[in-house]
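Chain by chain, the residues run as shown.
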Amino acid sequence: MAVPERKAQEALEARLAGLVLPEGGCLDKPRKEALARLTEMGLPQRRDEYWRFTRPDTLIQPEPLPARVFDNDEVPVFSSIDRLKIVFVDGVFDPEASDDLELEGVRIDRIADICDKDIHWAKDLYGVLEERGQHPVARPLAALNTAFARDGLAIHVTRTPSKPISLVYVHASETSDAILHHIIRVEPEAELTLLENGPAAARFNKCIEVDIADGGKLHHVRAQGRDHERRAVTHMFSRLGARSVYKSFTLTVNGVMTRNEQIVEFTGDDALAHVAGACLGDGDFHHDDTVFVTHDALNCESRQVFKKVLKNGAVGVFQGKILVNQKAQKTDGYQISQSLLLDGDSQFLAKPELEIYADDVACSHGSTSGAIDEESLFYLRSRGVPEKDATNLLTLAFLAEAVDEIEDPKLAEDLLERLEAWLARRS
Amino acid sequence: MLEIKNLHVQLEEEDKQILKGVDLTVEPGTVHAIMGPNGSGKSTLSYVLAGRDGYEVTEGTATLDGESLLDMEPEERAAAGLFLAFQYPVEIPGVGNMTFLRTAVNAQRKARGEEELSAADFLKLVRERAKALKIDADMLKRPVNVGFSGGEKKRNEILQMAMLEPKMCILDETDSGLDVDAMKLVSDGVNALRDAGRGFLVITHYQRLLDHIKPDVVHIMAKGRIIKTGGPELALEVETNGYADILNEVA
Ligand SMILES: Nc1ncnc2c1ncn2[C@@H]1O[C@H](COP(=O)(O)OP(=O)(O)OP(=O)(O)O)[C@@H](O)[C@H]1O
Ligand SMILES: [Mg+2]
């Protein structure tokens, strides 16, 4: 790794000055190693190639910018789903607001308790996938997370539970700076649905490491919203064993600065990973989806579907890469990123990349940026649908193609309803 | 009901005159047919009436029940009772046909200050009307016109018309691409809507459609103008002799 430049070092020193490394316990070692990695990398800077489209400033500065707490009486998403609810307020587990951490087939602990309880799998996972994900591209904010996160869950799925685990984030303080780190291990043939929603803090740095054993499945559905002044960086590192399935979908609305990174690694044959996202940005909104998929096994399928609707100067970014190593024959890799620009002020910046070292693969990628289709709009209007409603209908149809990636129709419908309501409110 | 006077239209993008003084009046309860060579301006007339972008009216008027259509947004024209069955119906991926129909029906009702149809009433109505046009449940579920055959698209246009019950219906070559049976279905659909308060303007190239939908008046359009108007026999004349005689006669 290159010796970090002075600015990156200075930024790091300033940031570290306000942080305290949790001491002792069995996570002491991975934390110190993460800090060493971070020190070597420095914090991301504007001129870093990987941050070319997204300014890291507000994500790395020592103190977060204050963010108002969202308030309205709308029922949060997933409320009607039968689930095990676990609440974090400003990045701290709230046992009062949470259900008991009991779910058949699953063991759930706080990462703070891992050492006392001697949970081996967790020790072998914490920081491990994050560290693997640092090559070939550095992800300093993930290393920072591994080093300094004090809270988060260790979720061990040995058998398929009867309901999803739903992580609910609550933003209570206008200056909270939350760092959360979850680790999830899905054992062979087990299946988990993980839901996430709610504004987490004024600034949020979240990292999830997901290790899926042979034949295991993880469905992840996340809704980011209800916090207009959100500044968040999230990383999901997933490692897929043979025949395993990983499906992740994120809906993002509002938020001034959001960067969601997905780092997927296929280590076993015949596995499948779908990562998708739909986002809606109006005004002061910057949303970055950065995806890196590494195929290192035979006959795996990866699919990236990202859709962004942007207006009033909103900015959307997509950086997606499919890396197919030499031994990853029969890889099926697909990537599409599309934006719908509702006016001339908004911007979509896309950097799709394919890097292929195997000869027997089928990989394709595409990226488009366009306005509402005039023919369709006129057709709808000629049937009496007012322009505004017709635009919303077409916008929703555009996003629905990404929402369709969610396997559970009930969850998909829940999110589509949100989108529809949001569009109706905003137009 | 529909009154078009001296309508001159050119393209917005280029200085090209397409309609050069169209005069046409459709009274309630009547069916008018327009025939005419390719490129004579028939579709342009229907688009201008429906309010499509890209055309500039340089002269003339078009009113529906006395109200100027040309000043209205497309959706207002629809709410006022104008309907155009497109020559080339548009495919809209991601929008279900049913959602589309319900949105359209309720939008028009709302615009007219009527109550929206309940989900149950709407469903009942759409099933009944779709059945008459042999449009199956699958076609109702699929995205609007996506993957529909040419004939299916045309039947879908008539379904929309049947659901919206417009006052003034313009059909632009709804017969093209239809097989014999579909032609009958579509014509029956149109005839079912015929009543004393409703007017039709049927654009077609073929007498066959007019065998089913008997017109009261037939117009011949050429080079952006109505050059001849007559009874149903005019269509038969075109069918046997083509346009040459009529064009010569007028020239
Ligand atoms: N947007 C446009 N750009 C350029 N030319 C146009 C445009 N719209 C119409 N025209 C031209 O105007 C003329 C009339 O076209 P229109 O589609 O109205 O004819 P039509 O009578 O419906 O023909 P058809 O019987 O083939 O459907 C044609 O010469 C056509 O090429
Ligand atoms: Mg035409």
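What you are looking at is a predicted structure, and each value in this text was computed from that prediction instead of being measured.

Along the backbone of chain A there are 10 helices and 20 strands. Projected onto the principal axes, the alpha-carbon positions of chain A cover approximately 70 × 50 × 50 Å. Per-residue burial over chain A gives 61% buried out of 427 residues. Long-range contacts, defined here as pairs at least 24 residues apart, represent 84% of the contacts in chain A between residues at least 6 apart. For chain A, the accessible area works out to roughly 16,300 Å², and carbon and sulfur atoms hold 48% of it. Looking at charge distribution, chain A has the averaged site of its 50 positive side-chain charges lying 2 Å from that of its 72 negative ones.

Residues and elements named next belong to chain B. Distances from the magnesium ion (ligand 2) to its protein donors, S43 (OG) and Q87 (OE1), fall within 2.0 to 2.2 Å. One end of the pair, S43, is in helix α1 (residues 42-50); the other, Q87, is in the loop between β6 (82-85) and β7 (92-96), and 44 residues separate them in sequence. Both residues of the pair, S43 and Q87, belong to the buried class.

Those places that UniProt annotates as "domain: ABC transporter" (unreviewed entry) correspond, in this numbering, to residues 2-248 of chain B. Within the segment residues 2-248 of chain B, helix and strand shares are 40% and 28% respectively, and the terminal C-alpha atoms sit 29 Å apart.

Let us now look at the UniProt feature "domain: SUF system FeS cluster assembly SufBD core" (unreviewed entry) in chain A. This chain's UniProt record puts "domain: SUF system FeS cluster assembly SufBD core" (unreviewed entry) on residues 175-398 of chain A. Helix and strand shares over residues 175-398 of chain A are 9% and 60% respectively, and the end C-alpha atoms of the span are 36 Å apart.

Once that is clear, we can look at the interface of chain A and chain B. The interface is formed by 16 residues belonging to chain A together with 31 residues belonging to chain B. Both sides together, the interface formed by chain A and chain B hides about 1,900 Å², and carbon and sulfur atoms give 65% of it. Three residues stand out in chain A for area buried against chain B, namely F378, Y379 and R383 of chain A, and they jointly supply 42% of the buried area on that side. The tally of links from chain A across to chain B stands at four salt bridges. Of the charged contacts in the structure, one is a salt bridge between R383 of chain A and E157 of chain B, with a shortest N-O distance of 2.7 Å. At the boundary of chain A and chain B, one finds 11 residue pairs in polar contact (both at pLDDT 80 or more). Among the elements of the structure, α8 (374-382) and α9 (387-403) of chain A are those that each provide at least two residues to the side of chain A that touches chain B.

Residue and element names in this part refer to chain B. The end-to-end C-alpha separation of helix α4 (residues 119-132) is 20 Å, in line with the 20 Å expected for 14 residues at 1.5 Å each. What α4 keeps buried is the set F122, V126 and A130. Along the axis of α4, the buried positions cluster into a sector of 55°, meaning they face one direction only. Among the exposed residues of α4, those oriented more than 90 degrees off its buried face are A120, K124, R127, K131 and A132. Along its buried surface, α4 packs onto α3 (97-111), α5 (137-141) and α6 (150-164).

Residue and element names in this part refer to chain A. By the secondary structure assignment, R226 is in the loop between β10 (217-224) and β11 (231-240). One buried charged residue, R226, remains without a salt bridge, the closest side chain of opposite sign being E74 at 4.2 Å. Only 3.0 Å separates the side chain of R226 from the backbone oxygen of E74, close enough to count as a polar contact. Setting aside its immediate chain neighbours within four residues, R226 contacts F70, N72, E74, V75, P76, P199 and N254.

Core analysis: the largest hydrophobic core is formed by 107 residues, its most contacted members being F249 of chain A together with L2 of chain B. Top element by residues in this core is α9 of chain A. It accounts for nine residues. Contacts of F249 of chain A, omitting those with residues within four sequence positions, involve H220, V221, R222, A276, G277, A278, A402, V403, I406 and L415 of chain A. Listed in part, the 48 residues of the second largest apolar core include I108, F266, C279 and L310 of chain A.

This part takes up empty space enclosed by the protein. If a probe the size of a water molecule is rolled over the atoms, the empty space left behind becomes visible. All names here are of chain A. Using the criterion set out here, one finds five cavities of 30 Å³ or more in the structure. The computed volume of the largest cavity comes to approximately 130 Å³. Together, 17 residues line the largest cavity, and Y169, G198, A200, F204 and Q224 are the ones closest to its centre. Among the elements of the structure, β8 (191-197), β9 (203-212), β10 and β11 are those that each provide at least two residues to the lining of the largest cavity. For the lining of the largest cavity, the leading source of residues is β10, giving three residues. Its residues assigned to classes, the lining of the largest cavity shows seven nonpolar, five polar and five charged. Size it by volume and the second largest cavity reaches roughly 60 Å³.

Residues and elements named next belong to chain B. One open sheet holds the four strands; their spatial order is β2-β1-β4-β5, and the pairing between them is antiparallel. Two strands in the sheet have a free side with no partner beyond their single neighbour: β2 (17-26) and β5 (67-68). Across seven bridges, the pairing between strand β1 (residues 2-11) and β2 is antiparallel. Directly across from V9, in β2, lies its bridge partner L19. On the sheet, α1 packs against β1, β2 and β4 (55-64) and is oriented at approximately 105° with respect to β1.

Turning our eyes to something else, we now look at the packing of aromatic side chains. With the rule as written, the count across this model stands at eight aromatic pairs over all chains. Their ring planes at 50° and their centres at 5.7 Å tell us that F378 of chain A and F86 of chain B sit as a pair that is tilted. Residue F378 of chain A is found in helix α8, and its partner F86 of chain B is found in the loop between β6 and β7; the two belong to separate chains. Like F86 of chain B, F378 of chain A is buried. Where Y379 of chain A meets F100 of chain B, the ring centres are 5.6 Å apart and the plane angle is 10°; that geometry is what we call stacked. A residue pair is termed interchain when its members come from two chains, as with Y379 of chain A in helix α8 and F100 of chain B in helix α3. A connected cluster of aromatic rings, assembled from ring pairs, spans F378 and Y379 of chain A together with Y47, F86 and F100 of chain B. One residue, R259 of chain A, lies across the ring of W51 of chain A, its end atom 3.7 Å from the ring centre.

Conventions adopted
Residues numbered from 1 in each chain as written. Chains lettered and ligands numbered in written order. Predicted model: local features only at pLDDT ≥ 70, side-chain atom pairs only at ≥ 80, totals over all residues. Heavy atoms only, no water. Helix = DSSP H or I, 4+ residues; strand = E, 2+ residues; numbered from the N terminus. Buried < 20%, exposed > 50% of the residue type's maximum accessible area, 1.4 Å probe, protein only. Contact = heavy atoms within 4.5 Å. Areas by Shrake-Rupley, 256 points an atom, 1.4 Å probe, with all protein chains shown as cover. Lys, Arg positive; Asp, Glu negative; His and termini not counted. Charge placed at Lys NZ, Arg CZ, Asp CG, Glu CD. Donors = N, O, S within 2.8 Å, 3.2 Å for Na, K, Ca; no water. UniProt positions renumbered as here; feature names shortened; annotations may be inferred. Buried area = accessible area lost by both parts, 1.4 Å probe. Salt bridge = Lys/Arg side-chain N within 4 Å of Asp/Glu carboxyl O. Polar contact = N/O pair within 3.5 Å; in protein donor to acceptor, adjacent residues only side chain to side chain. Expected span 1.5 Å × (residues − 1). Arc of directions from axis to C-beta. Core = buried A, V, L, I, M, F, W, Y, C linked by side-chain atoms within 4.5 Å. 1 Å grid on protein atoms, 1.4 Å probe; cavity = no way out; pocket = protein on both sides within 12 Å on 5 of 7 lines; lining within 4 Å. Points joined across faces, edges and corners; volume = space filled by probe spheres on them. Nonpolar A, V, L, I, M, F, W, Y, C, P; charged D, E, K, R; others polar. Pairing = 2+ DSSP bridges. Axes fitted to C-alpha atoms, helices over the stretch in contact; angles between N-to-C directions. Phe/Tyr/Trp six-rings, centres within 6.5 Å; stacked < 30°, edge-to-face > 60°. Lys NZ or Arg CZ within 6 Å of the ring centre and 35° of its normal.

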